[in-house]
Amino acid sequence: MSARIRAILPFLLLHAAAAPLAAQAAAGVTPPPPAVLEAVRQDVRYLASDALGGRLTGSPGADSAAAYIARRFAESGLQPPPGGWFQRFTVAPDAPAAMHAGVGGAEGTNVIGILPGRDPVLRNEVVIVGAHYDHLGPGGTFALDPDSTGAVHNGADDNASGTVALFQIARRLQSARPARTVVFIAFSAEELGLLGSAHYARNPAYPIAVTRAMVNLDMVGRLRNGRLIVYGSATAAEFPALLESLNRQYGFALHHEGDGYGRSDQSSFYAAGVPVLHMFTDLHEDYHRSTDDWEKLDLAGLARVADFTAAVTAAIASRPTALTFINLPPPAPSAGGGGYGAYLGSIPDMAGGVRGVRLTGVRKDSPAERAGIQAGDVIIRIATTQVADLQGMTDALREHKPGDLVDVVVVRDGAERTCRVTLGRRGG
Ligand SMILES: [Zn+2]
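Our subject in this report is the structure included herewith.

What counts and how
Residues numbered from 1 in each chain as written. Predicted model: local features only at pLDDT ≥ 70, side-chain atom pairs only at ≥ 80, totals over all residues. Heavy atoms only, no water. Pairing = 2+ DSSP bridges. Helix = DSSP H or I, 4+ residues; strand = E, 2+ residues; numbered from the N terminus. Axes fitted to C-alpha atoms, helices over the stretch in contact; angles between N-to-C directions. Contact = heavy atoms within 4.5 Å. Donors = N, O, S within 2.8 Å, 3.2 Å for Na, K, Ca; no water. Tetrahedral: all angles 85-135°; square planar, octahedral: opposite > 155°, others 65-115°. Buried < 20%, exposed > 50% of the residue type's maximum accessible area, 1.4 Å probe, protein only. Core = buried A, V, L, I, M, F, W, Y, C linked by side-chain atoms within 4.5 Å. Right-handed = clockwise from strand over helix to strand, strands pointing away. Polar contact = N/O pair within 3.5 Å; in protein donor to acceptor, adjacent residues only side chain to side chain.

## Considering the sheet that holds strand β7 (residues 253-257)
Reasoning step 1: The strand order across the open sheet formed by eight strands is β1-β2-β4-β3-β5-β8-β6-β7, and the pairing between neighbours is mixed. Looking at which strands have only one partner, the edges of the open sheet turn out to be β1 (86-90) and β7. Neighbour-to-neighbour, the strand axes of this sheet turn through a mean angle of 20°, independent of strand direction.
Reasoning step 2: Strand direction decides the pairing type here: strand β3 (residues 126-132) and strand β4 (residues 181-187), joined by seven bridges, are parallel. If you follow G130 over to β4, its bridge partner there is I185.
Reasoning step 3: This element, helix α3 (residues 60-75), spans β1, β2 (107-115) and β4 of the sheet and lies at about 5° to β2.

Okay, structure coming up:
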């Protein structure tokens with residue numbers, strides 16, 4: 001970088017940060033205070049720095065990130081749960097994604113911080129706010145730029161942005177504590193198949209039964225034209241009205257929709273019967289590439305999404321009654337979804353670790369549900385084909401067509417049972 005550029009860089013960055021601010025002011029939106037902007041900038045710069053090597057689960061960079069997150073949680077007024085800030089788990093050697101990435105057996109670390117509720121009764125119920133902090137490390141598996149394998153995939157938007165938003169949300173809620181307790185979780189191993197959130201959902205700090213909602217932030221750093229996407233708004237009856245009414249103050253071009261089974265950590269909680277939301281500023285050309293760098297983030301937009309999410313969380317965590325959970329039927333089939341054979345409607349647990357495929361749930365009104373297959377079941381055979389893992393199950397289903405009547409053998413509570421299934425058509 002030439003001396004001249006180095007001399008004017010701070011000015012350029014200031015101007016780069018100022019542009020969205022100007023756009024916000026023009027849109028009548030209050031820009032975040034300079035101190036907030038500076039804190040956000042420092043945090044994303046560190047988490048998305050080359051020094052952290054792209055935060056691949058189990059790597060030294062991921063461990064440094066976890067330590068940093070715990071420190072920032074403490075500085076934002078959160079407390080560690082009884083077991084401490086860190087919830088460690090081992091990535092199962094045969095977890096499909098982990099095998100691809102060569103990190104089977106690695107140690108993942110979820111970071112958990114608690115903001116106790118102010119109401120003596122409702123504080124026994126919780127709302128979770130989460131974001132994954134792991135990313136792709138040197139690229140390769142799951143990266144979209146094979147030519148850059150070996151280069152640090154900094155993951156500034158995916159998902160240093162969501163992780164940093166947690167600190168801002170904690171600071172906001174600290175000053176006006178909600179009635180219910182808020183649990184902040186920075187998940188590990190999301191890129192390996194939602195492993196950290198799946199582990200937490202099986203080993204929660206507070207029972208899932210008293211978990212009233214989960215709000216996920218994954219890629220919230222590239223706000224364009226004020227457009228904010230919120231997935232999961234159909235998972236509770238009250239969500240659409242709640243989002244729209246709060247947005248009057250924040251003025252996003254808000255687009256909310258759908259079920260809770262998106263491609264991020266909220267899925268692990270929706271499968272467990274919890275209403276969920278996923279805040280998202282949409283994909284972009286740097287997604288899963290080594291070019292997803294912090295300089296490209298809209299820091300003011302990130303702070304604005306964090307403030308909006310704090311307001312949504314506060315509204316959910318202080319409402320007198322619980323939300324009305326909606327267990328949705330599967331989404332309409334995506335065009336060209338062929339090649340996968342018949343449809344069963346099971347939701348596999350990507351954690352692996354068993355012979356067969358353990359399920360985190362089954363889709364409503366699906367062939368699996370109609371045949372009595374349940375969350376927790378381990379599928380070990382489909383018709384005459386033994387099922388050792390996810391690939392085996394996909395292959396076994398490919399041998400059948402919609403309408404076929406097949407025996408699916410599952411293990412439940414240690415005993416095998418046979419469920420007679422009429423396989424369906426995707427979306428059927
Ligand atoms: Zn992500």
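## Some words on the coordination of the zinc ion
Reasoning step 1: Looking at the metal site, the zinc ion is ligated by H132 (NE2), D158 (OD), D218 (OD) and D218 (OD), spaced 2.0 to 2.6 Å from it.
Reasoning step 2: Here the zinc ion is ringed by four donor atoms whose angles at the metal span 51 to 144°, and the overall shape comes out irregular.
Reasoning step 3: Within one chain, the residues donating to the zinc ion are spaced in sequence as H-x25-D-x59-D. Of this pair, H132 sits in strand β3 while D158 sits in helix α5 (residues 156-175); the two residues are 26 residues apart in sequence, bridging distant segments of the chain.
Reasoning step 4: By relative accessible area, H132 is classed as buried at 0%.

## Section: the nonpolar core
Reasoning step 1: If you look at the biggest cluster of nonpolar residues, it comprises 65 residues, and the most contacted ones within it are F184, M279 and F308.
Reasoning step 2: At 12 residues, the largest contribution of residues to this core is made by helix α9 (residues 299-318).
Reasoning step 3: Beyond its immediate stretch of four places on either side in the chain, F184 contacts F73, L78, V111, I112, G113, L115, V129, L166, I169, A170 and L173.
Reasoning step 4: Membership of the second largest hydrophobic core comes to 21 residues, among which are I373, A383, L397 and V408.

## Some points on the pairing of strand β6 (residues 227-231)
Reasoning step 1: Note: β6 against β7, five bridges, orientation parallel. Its bridge partner lying in β7, I229 is registered against H255.
Reasoning step 2: Following the backbone out of β6, through helix α7 (residues 239-250) and into the adjacent parallel β7, one traces a crossover that is right-handed.
Reasoning step 3: As paired elements, β6 and strand β8 (residues 276-280) share three bridges and run antiparallel to each other. Pairing of V230 across the sheet is with M279, part of β8.

## Concerning the side chain of N110
Reasoning step 1: Structurally, N110 is set in strand β2.
Reasoning step 2: Looking at N110, its side chain comes within polar contact range of the main-chain nitrogen of S188, at 3.0 Å.
Reasoning step 3: Not counting the four nearest positions on each side in its chain, N110 is found in contact with W85, F86, Q87, F89, I185, A186, F187, S188, G196, H199 and Y200.

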